[in-house]
Amino acid sequence: MFDFIKQDIEDVILIKPKIYGDNRGFFVETYKKSDFAANGIKDDFVQDNHSKSTACVLRGLHYQKKPYGQSKLVKCVKGRVFDVAVDLRVNSKSFAKYVKLELSEDNKQMLYIPNGFAHGFVVLSDVAELIYKTSSEYAPDYDRGILWNDETVNIDWGIDFEPVLSEKDKFQPRLGEIKKEDLF
């Protein structure tokens, strides 16, 4: 049982699961292929990932170029994050625009990010753990990214601190520096 809420950018969907709770705890379905397919999410997810990050960490913005582009189904299972999806589909009316939502262990919501988007998040709690499904396996030679604070995309990360970045993420290219064949 899920509510599928389309976002301002076409094909990005917030998924709110039905949570069954009582004094023992809770139960929640996190994925049901038939429900997802009936709501336009028909990807064949082939890899599951789990990341743990500490306070103020910003990961992203990451994507894989064709032919190994990935749709993602992202869920925060511990802590809180702002999760961001950036449209890299050059013929899309929302090219270079983004969706930002808070995902947390409390709201148990998920974000569906279709193929053709870069993905990133910033940690708002002491620790955050994300699990996510991908529609394509990791292909290191096709791994790409965009600088987290690119002026063209101009993401409002909603933070008042200097984020902790990996060396890789400190030196990602700006959107205008990316070759067209590395976009969608």
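Here is what the cut-offs are and how they apply
Residues numbered from 1 in each chain as written. Predicted model: local features only at pLDDT ≥ 70, side-chain atom pairs only at ≥ 80, totals over all residues. Heavy atoms only, no water. Pairing = 2+ DSSP bridges. Helix = DSSP H or I, 4+ residues; strand = E, 2+ residues; numbered from the N terminus. Axes fitted to C-alpha atoms, helices over the stretch in contact; angles between N-to-C directions. Salt bridge = Lys/Arg side-chain N within 4 Å of Asp/Glu carboxyl O. Buried < 20%, exposed > 50% of the residue type's maximum accessible area, 1.4 Å probe, protein only.

(A) Main features of the sheet that holds strand 2 (residues 13–17). Strand order in the open sheet formed by six strands is 1-2-10-7-12-5, with antiparallel pairing between adjacent strands. For this open sheet the edge positions go to strand 1 (2–6) and strand 5 (47–54), each flanked by a neighbour on one side alone. Between one strand and the next, the sheet's axes are offset by a mean angle of 25°, whatever the strand orientation. Here five bridges tie strand 1 to strand 2, and the two strands are oriented antiparallel to one another. Within the sheet, the bridge partner assigned to Ile5 lies in strand 2 and is Leu14.

(B) Representation of the pattern of salt bridges in the model. According to the stated counting rule, one finds 11 salt bridges in the structure shown. As a salt-bridge pair, Arg24 and Asp22 come within 2.6 Å of each other at their nearest N and O atoms. By relative accessible area, which is 40% here, Asp22 ends up partly exposed. Measuring nitrogen to oxygen at the nearest pair gives 2.8 Å for the salt bridge that ties Lys170 to Glu167. Of this pair, Lys170 and Glu167 both sit in helix 2 (residues 167–170), three residues apart, which is roughly one turn of the helix. Under the relative-accessibility criterion, Lys170 is labelled partly exposed at 39%. Each member of the salt-bridge network shares a partner with another, and the members are Asp11, Asp87 and Arg89.

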